[in-house]
Amino acid sequence: MPAIHDIDRGKQRNALAMSTVAFTTCFAVWTIFAIIGVSIRRELGLSETQFGLLVGTPILTGSLIRVVLGIWTDRYGGRLVFTATMLAAAVATFLLSYATTYPQMLAAALGVGIAGGSFAVGVAYVSRWYPAGKQGTALGIFGAGNVGSAVTKFLAPFVMVAFGWQMVAQVWAAALVVMAAIFWFSTTDDPVQAERRRTGVRPKSAWLELEPLKNVQVWRFAIYYFFVFGAFVALALWLPQYLINVYGLDIKTAGMIAAFFSVPASLFRAYGGHLSDVYGARRVLYWTFLVGIAATFVLSYPPTDYVVQGLNGPIAFHMEMGLVGFTVAVFVLGFFMALGKAAVYKHIPVYYPAHVGSVGGLVGMIGGLGGFLLPILFGVLLDLTGLWTSCFMALFLLVSGALVWMHVSIRQMEREAGGAVLARLPQLPEMQGLPEPVATPRASGAVLTDWRPEDPEFWTKTGRAIARRNLWLSIPALLLSFAIWQVWSVVVAKLPLVGFTFTTDQLFWLAALPGISGATLRIFYSFMVPIFGGRLWTTLTTWSLIIPALGIGYAVQNPDTPYVVLLILALLCGFGGGNFSSSMANISFFFPKAEKGNALALNAGLGNLGVSVVQFVVPLAITAGVFGWMGGDPAMVKGQPPLWLQNAGFVFVPFIALSAFASWFGMNDIADAKASFAEQAVIFRRAHNWIMCWLYTGTFGSFIGYSAGFPLLAKALFPDVNALQFAFLGPLVGALSRSGSGWLADRHGGARVTIWAFVLMMIGVSGVLWFIGIREQPGAFWGFFASFLLLFFASGVGNASTFQMIPAIMTREMERLMPEAGPDTRRKQAEKESAAITGFTAAIAAFGAFFIPKGYGTSIALTGGPEAALWAFLIFYVSCLVLTWAVYTRKGGLLHDIERARRGASSRPAAAE
């Protein structure tokens, strides 16, 4: 980057001014539903939950997209990304005016949210124009674009009353297009991007941009921003209806008064940047949180009647905050939120100057998620308590937690800094003049800086105990992940009993969506451990399971819960499915080659038992009120005992919390556990990678897909049989057969065992088809169930045998691909590619959790029965068998000579899922 004094001051000021105006326009669009949502709600007759979801959807999109936009800005420059962001948001906003149904509104709202991602773009773009001493002020001025929320509140009510809410959307979309054109033609590339263009230097990898996100400090900043910005957005959306319902105001007056919160919370952000530059961001944050605690405490006090027994009888008086007092209080709260927003972003370019886009994007994303989650929480609290002030009670707890965390962290840093100085001082004055003590830094016990598992002495004395502790903490976390991933396979079968009126196809969608989201997340989770560290990533991903667990627990209690909410919760259950890839990658770093296969088999095999656990535990947990009044009331089912279906989610919450705490306090990071994505990407050029994806989808894809779809399929075909009490046996058989059949592949060869596994699976599917055809006859269910047990058994055997094939294949391939390399070089390359192929095939095969349940649902919807889907699965198994024979086991096949020449030899199988 050129020196700051070489930057053209005119271009610098112009970049800041245009970015601020552009962000103001984007923010006005981002919060458009705060006004037009009131009219849409009336037109469509939306419930509180539906309205909260509609208002929060743009906030969700704008939050999640910030990390990506921040990285793109670091790589391609803010001028291009800012312009493209505004144009994309303009298209979605214009299309919103043509939406007529609730699903169409939600789809358009997702696109409108792109406007909110502009913040991450602007932060990265503006910060590159200013030195560190002025970045606080510059970013504060830019952040004052939050005033766009007030612009919407001032102007949108008048346009909406005169022309309708559709015109508001069209005018705001036109403003975005005009602003995009002005911004493009009036600004230039930032100094860093201009220097890159001049020198031809390419930006660094996007994966390296994510490197700082492993620091807990970044996530602490994100929590601060969750309050100062997330709560600001949430209140900006919530206050108009709060004022209408609590104080009986009309929409125009409510919008004007709500602006008394939005304006100071936006414009004074520039002043907050100045104060942060002069007095320090830490001091500004202290004042922000202290005033925030006082303001939210006062605002959270509900209208209350008191009766005091006085000397002359009872004295009654009433306490309630009037409109004037409320307006003053939210003004003060907004003012200090503005200061806090600037203070948080003052930290980022100082601590992470080379990663402003990615770090700023993450902090902005978490803050933006507050704008999505908090309005939903406000609606839930209102429904549960009946108190409008409950929203401020929640904010009081949030800001109190942020202050405590900040203060504890600062005190810890001060003690560490002071301790280093004190350690160098002599203990007694008489020791003056003696040699200075040497201060050696104390290594954190959580980070293993010396890790040599292949050294026998180190492994025996130190390594084995540490590795086993990490393994036994990883297993329950992975088991819970599989349980949450597959919880819908049990819940959907009970939804009709508690009053939900969904079609069979809709129910199969709910069972299938966790599969597709979990499989997709696996691809990304595979690369997270080297970036964040196994300890932090395992803790975060385990905590993430609480979101769908609690969400399911609350959603299933009300049969009026919109279907789209259940779809979102089903997608969030994919967090559990994604955890497998990162868990296996983490454990693989701890063990030597001689024990790696067994460790990974234990981690994966016992983790797979989570599928069986959920299908065994949930049917029992939903029959009793194990959480008392905290768990909510049961659903009364005609002719059956009451059901606490919410326990299907709640029952896992305490175990998730225990596992997350255990992971954080008991697991370790390995300092040199780094892996290059570019080095592993070579597998995408290997034909055997794609062949093994096909075969492993036939084995593990079948296991996880049948686990997800069997309970609902059995309920649909045999409604008189309580299939849920037997459902857990299938996954249990599959998990145990996988753990106990590895020796077959070792002795006879993985490809040969795989062929017989597919033969058994073909027999199993044929049996299922046969017994479905005679399902009206006595005993048909037990034949149907036995055929599925055979499928689970064969898929478990095939899971182990297919993974045993991968290292054998790549060892043979290295002889062809690297003929001139030495044996040691070929062995290392084979191990590296085998590990990458193992992870990638696991991700692809997991899509079976989506395709099999969805195949059932589609087949039933189109033909009236699941037979078409089962015939398709049978044909797929035939293709797998033929492919295995043609490529690997026939005479002349890749593994033919190896598997016959080494029969009886022991070659440890690769990791199992």
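Residues numbered from 1 in each chain as written. Predicted model: local features only at pLDDT ≥ 70, side-chain atom pairs only at ≥ 80, totals over all residues. Heavy atoms only, no water.

It is worth spelling out the overall build of the chain at this point. A count of helices and strands for the chain gives 41 helices and 4 strands. Relative to its 913 residues, the chain shows a buried fraction of 57%. Long-range contacts, defined as pairs at least 24 residues apart, comprise 84% of the intrachain contacts of the chain with a sequence gap of at least 6. In the form shown here, the chain has an accessible surface area of approximately 37,200 Å², with 67% of it arising from carbon and sulfur atoms. (Helix = DSSP H or I, 4+ residues; strand = E, 2+ residues; numbered from the N terminus. Buried < 20%, exposed > 50% of the residue type's maximum accessible area, 1.4 Å probe, protein only. Contact = heavy atoms within 4.5 Å. Areas by Shrake-Rupley, 256 points an atom, 1.4 Å probe, with all protein chains shown as cover.)

On to the packing of helix α36 (residues 750-773) against helix α37 (residues 780-817), then. Across the interface, α36 lies against α37 with an axial gap of 8 Å and an inter-helix angle of 160 degrees. Relative to α37, the element α36 lies roughly antiparallel. When the axes of α36 and α37 are compared, the crossing they make is left-handed. Class assignment for the residues of the contact of α36 with α37 results in 19 nonpolar, 11 polar and no charged. (Axes fitted to C-alpha atoms, helices over the stretch in contact; angles between N-to-C directions. Parallel < 35°, antiparallel > 145°, perpendicular 65-115°, else oblique. Left-handed = near helix turned anticlockwise from the far one by under 90°. Nonpolar A, V, L, I, M, F, W, Y, C, P; charged D, E, K, R; others polar.)

A cluster of nonpolar side chains, Phe-268, Tyr-271, Val-324, Val-328, Phe-331 and Val-332, forms an exposed patch at the surface whose accessible area comes to about 520 Å². Broken down by element, the residue count for the nonpolar patch peaks at 4 residues, all from helix α17 (residues 323-351). As for its position among the elements, Phe-331 is in helix α17. (Patch = residues over 30% accessible without salt bridge, like charges linked within 9 Å, V, L, I, M, F, W, Y side chains within 5 Å. Salt bridge = Lys/Arg side-chain N within 4 Å of Asp/Glu carboxyl O.)

Turning our eyes to something else, we now look at the pattern of salt bridges. Summed over the entire model, instances satisfying the criterion amount to 4 salt bridges. Of the charged contacts in the structure, one is a salt bridge between Lys-461 and Glu-457, with a shortest N-O distance of 3.1 Å. Here the residue Lys-461 and the residue Glu-457 both occupy positions in helix α20 (residues 456-485), the gap between them amounting to 4 residues, near one helical turn. Among the residues examined, Lys-461 registers a relative accessible area of 65% and is labelled exposed. With relative accessibility at 51%, the residue Glu-457 sits in the exposed group. A salt bridge links Glu-867 to Arg-775, with the nearest nitrogen and oxygen atoms 4.0 Å apart. Of the two residues, Glu-867 is situated in helix α40 (residues 867-889) and Arg-775 in the loop between α36 and α37; the sequence distance between them amounts to 92 residues.

One full turn of an α-helix is made of 3.6 residues, so residues set three or four places apart face in the same direction. Helix length check: helix α22 (residues 504-525) (22 residues) gives 32 Å between terminal C-alpha atoms against 32 Å at 1.5 Å per residue, within 8%. Remark: the principal bend of α22, roughly 30 degrees, maps to Ala-512, with a proline, Pro-514, within the next four residues. (Expected span 1.5 Å × (residues − 1). Bend = angle between axes of the 7 residues up to and from the residue.)

Using the criterion set out here, one finds 38 aromatic pairs in the structure. Measuring from centroid to centroid gives 5.9 Å for Tyr-242 and Trp-388, while their planes differ by 90 degrees, and the two rings are edge-to-face. Placement of the pair is Tyr-242 in helix α12 (residues 216-247) and Trp-388 in the loop between α18 (356-385) and α19 (390-423), with a sequence separation of 146 residues. The interplanar angle of 40 degrees and the centroid separation of 5.6 Å between the aromatic rings of Phe-500 and Phe-502 together place this pair among those described as tilted. Among the residues examined, Phe-500 registers a relative accessible area of 3% and is labelled buried. Connected via pairs of aromatic rings, a cluster forms that spans Phe-703, Tyr-706, Phe-718, Phe-781, Trp-782, Phe-784, Phe-785, Phe-788, Phe-792, Tyr-856 and Phe-873. Arg-79 extends its terminal NZ or CZ atom over the ring of Trp-184, reaching a point 3.7 Å from the ring centre. Between Arg-535 and the ring centre of Trp-664, over which it is positioned, the NZ or CZ distance is 3.6 Å. (Phe/Tyr/Trp six-rings, centres within 6.5 Å; stacked < 30°, edge-to-face > 60°. Lys NZ or Arg CZ within 6 Å of the ring centre and 35° of its normal.)

Another aspect to go through is helix α32 (residues 687-717). Of all the bends in α32, the greatest reaches close to 40 degrees and is centred on Gly-709; the proline Pro-711 follows between one and four positions later. The element α32 is largely enclosed, with a buried count of 25 among its 31 residues.

Here we come to the packing of helix α24 (residues 534-544) against helix α25 (residues 546-555). Where α24 meets α25, the axes come as close as 5 Å, and the angle between the chain directions of the two elements is 10 degrees. In terms of axis orientation, α24 runs roughly parallel to α25. Contacts between α24 and α25 involve Thr-542, Trp-543 and Ser-544 from the former and Ile-546, Ile-547 and Pro-548 from the latter. By residue class, the composition of the contact of α24 with α25 is 4 nonpolar, 2 polar and no charged.

With respect to the element layout, Ile-852 can be found in helix α39 (residues 848-863). For the pair Ile-852 and Tyr-706, spaced 146 residues apart in sequence, the C-alpha to C-alpha distance is 6.7 Å. The residues contacting Ile-852, other than those within four sequence positions of it, are Gly-701, Ser-702, Gly-705, Tyr-706 and Phe-873.

A word on the nonpolar core. Trp-488, Leu-495 and Phe-784 are the most contacted members of the largest nonpolar core, which has 240 residues in total. Sorting elements by how many residues they give to this core places α12 first, with 19 residues. Among residues more than four places away in sequence, those in contact with Leu-495 are Trp-488, Phe-500, Phe-502, Leu-507, Leu-510, Val-556, Leu-566 and Leu-645. Judged by nonpolar contacts, the second largest core, of 12 residues, contains Phe-458, Trp-459, Ala-467 and Ile-475. (Core = buried A, V, L, I, M, F, W, Y, C linked by side-chain atoms within 4.5 Å.)

Structural measurements only, silent on function.
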